[in-house]
Amino acid sequence: MSESSVTISVSVNGSRMSQTVPARLTLAELLRDRLGLTGTKVSCGMQVCGVCTVLVDGAPVSACASLAADANGLEVLTIEGVSEPGSLHPIQEAFIKEFALQCGFCTPGFVMMALALLAENSEPDRGDIVRYLDGNICRCTGYEPIIRAVQAAAAEVHP
Amino acid sequence: MRVLPPFTLHRPTTIDDVVELVSWDDLPYVGGTELLLAMRAGLLNPRSLIDLKGVEGLDRIEAADDAVTVGATVTHARAAGDAGVRRALPLLVDVLGEVGNPRVRAAGTLAGNLCFAEPKSDIIPFLIALDASVTLASTNGERRTSVSDFILGPYFTSRDQGEVLTTIEVPVRPGRDMTYVKYQVMERPTVGVAAVRAVDDGTMRVVVGAAGEVPVVIDVDASDPDADSVASEAAERLEPVDDLTGSADYKRHVTAVYVRRALSRLERR
């Protein structure tokens, strides 16, 4: 089977969608440009900054460096799907409480990474958190509030 | 941010279909952690990508008594999370954890890491130290070669245009001490040293990665190797270039330091 267009069926935040897309379309372009889900940001284009992080079948993925075609048949969770409308996930609450965001540009990526971390390790120590978030960049906070937020969220989710 | 150039995406299901397709213009693709970046930067513009993720058999991980075998589509994350791999080669799990970040590890593969032949790879010197080998398939059949022979230079392997890497095999031998030490302050290491020693006869392989254009491989016969002479040999044989991780002189110096450090860590086990 060879095609420069592919037809994909992806579950995004619980809703199944089907589209024919160019093979070269990235997952970030699908989410942002075709589905209007602009909570997922783009910046470095090289998987070093983390602002494009989404979860695909629970695994953290750089959406800007991932083909939309690779999400075919899988479940994608973006920042928009992390909580029900009108409420916040404990991780998001913790980020606010710990002042772990200023401009907010990196925040969706950090929240998605924190979600993935806590799903894998419900009681991370500081070293685990620092290592796991090593691939996400923040220009505003100096990172300490982010680390505190993840620690607080872990304690909240698994007291 | 620029868009990817247009290409055709093949999604074959058998290795026979793959080898019919692969060429310099039709590239094997799994995680694309370097490939897609190179395409976006305009360095590569293949006519097609051949997605290996649906090919039967390439996703296997086998941890037998004498070898750990991974297929071409096995990601760093899957290999590191495999209980059999952890039992057989716990240090490999640690080294795999050094690659990139969790997103890169979730998508990128050991096979891709080898084929990209990044001079600053962590995995390549470690696999060379363990005497790992790879299998390449083509329309002419299969050939097997050591990782040491596979890596020819920076971003340069012995893979021919019609070949696709299908399997990586890492021997597991009882009675080996091993270590991997590195110095890294930037996104890539300045120097990484892998050392593996056979406890029974003291023979050792020391591999220096990152600091030079090609890994430096030193096989030491003596049962009581002089650390200083191994360190000097490594520094002398290194082919360093000045870059952001240091000048050539600095790299020779820090290579000798880290070779001595690796050997002293082996001693202590």
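Residues numbered from 1 in each chain as written. Chains lettered and ligands numbered in written order. Predicted model: local features only at pLDDT ≥ 70, side-chain atom pairs only at ≥ 80, totals over all residues. Heavy atoms only, no water.

### Here's the deal with the overall build of chain B
Then, in step 1: The helix and strand tally for chain B stands at 11 helices and 14 strands.
Then, in step 2: Taking 269 residues into account, the globule formula puts the C-alpha radius of gyration at 18 Å, and chain B, at 19 Å, falls close to it.
Then, in step 3: Dimensions of chain B, computed from the C-alpha atoms along their principal axes, are close to 55 × 40 × 35 Å.
Then, in step 4: Looking at chain B residue by residue over its 269 residues, the buried ones come to 57%.
Then, in step 5: Put simply, 58% of the contacts in chain B that link residues at least 6 apart link residues at least 24 apart.
Then, in step 6: Accessible surface, chain B: about 11,700 Å² in total, of which carbon and sulfur atoms supply 47%.
Then, in step 7: The centroid of the 29 positive side-chain charges in chain B is displaced by 6 Å from the centroid of its 40 negative side-chain charges. (Helix = DSSP H or I, 4+ residues; strand = E, 2+ residues; numbered from the N terminus. Rg over C-alpha atoms; globule rule 2.2 N^0.38 Å. Buried < 20%, exposed > 50% of the residue type's maximum accessible area, 1.4 Å probe, protein only. Contact = heavy atoms within 4.5 Å. Areas by Shrake-Rupley, 256 points an atom, 1.4 Å probe, with all protein chains shown as cover. Lys, Arg positive; Asp, Glu negative; His and termini not counted. Charge placed at Lys NZ, Arg CZ, Asp CG, Glu CD.)

### Quick look at the interface of chain B and chain A
Then, in step 1: At the interface, 25 residues of chain B touch 33 residues of chain A.
Then, in step 2: Between chain B and chain A, roughly 2,300 Å² of surface is buried when both sides are summed, and carbon and sulfur atoms account for 56% of that area.
Then, in step 3: On inspection of chain B and its partner chain A, the count reaches 1 salt bridge.
Then, in step 4: Counting every contact that joins chain B to chain A gives 9 residue pairs in polar contact (both at pLDDT 80 or more).
Then, in step 5: Looking at the side of chain B that touches chain A, the elements that each hand over two or more residues are β1 (8-10), α2 (35-40) and α6 (102-107) of chain B.
Then, in step 6: Among the elements that take part in the side of chain B that touches chain A, α6 of chain B stands out by supplying 4 residues, more than any other.
Then, in step 7: Class assignment of the residues belonging to the side of chain B that touches chain A gives a composition of 14 nonpolar, 5 polar and 6 charged. (Buried area = accessible area lost by both parts, 1.4 Å probe. Salt bridge = Lys/Arg side-chain N within 4 Å of Asp/Glu carboxyl O. Polar contact = N/O pair within 3.5 Å; in protein donor to acceptor, adjacent residues only side chain to side chain. Nonpolar A, V, L, I, M, F, W, Y, C, P; charged D, E, K, R; others polar.)

### Side note on the sheet that holds strand β13 (residues 204-209) of chain B
Residues and elements named next belong to chain B.
Then, in step 1: Taken together, the 4 strands give an open sheet; going across it, the order is β11-β12-β13-β14, and neighbouring strands pair in antiparallel fashion. Since the sheet does not close on itself, it has two edges, and those belong to β11 (176-183) and β14 (216-220), each with one partner. Ignoring strand direction, the axes of neighbouring strands in this sheet form an average angle of 10°. (Pairing = 2+ DSSP bridges. Axes fitted to C-alpha atoms, helices over the stretch in contact; angles between N-to-C directions.)

### Considering the pairing of strand β2 (residues 5-12) of chain A
Residues and elements named next belong to chain A.
Then, in step 1: In this sheet, strand β3 (residues 15-22) lies alongside β2 in antiparallel orientation, the contact comprising 8 bridges. Bridge pairing in β3 links I8 to Q19.
Then, in step 2: Count of turn residues in the β2/β3 antiparallel hairpin: 2 residues, of which N13 carries a positive phi of about 50°.
Then, in step 3: Pairing analysis gives 2 bridges linking β2 to strand β6 (residues 75-77), with the strands arranged parallel. Looking at the pairing, V12 lines up with V76 of β6.

### What about the confidence of the model for chain B?
Then, in step 1: The pLDDT averaged across chain B works out to 95; a share of 99% of its residues lies at or above 70.
Then, in step 2: Of the two predicted TM-score estimates for the complex, the pTM is 0.95 and the ipTM is 0.96. (pLDDT = per-residue confidence, 0-100.)

### A few points about the nonpolar core
Then, in step 1: Formed by 53 residues in total, the largest nonpolar core has its most connected members in L52, L114, F126, L127 and I168 of chain B.
Then, in step 2: Leaving out residues up to four positions away in the same chain, I168 of chain B has contacts with V68, T69, V70, L110, A111, L114, L127, S133 and V134 of chain B.
Then, in step 3: Of all hydrophobic cores here, the second largest spans 35 residues; its members include V6 and A28 of chain A together with L4 and L49 of chain B. (Core = buried A, V, L, I, M, F, W, Y, C linked by side-chain atoms within 4.5 Å.)

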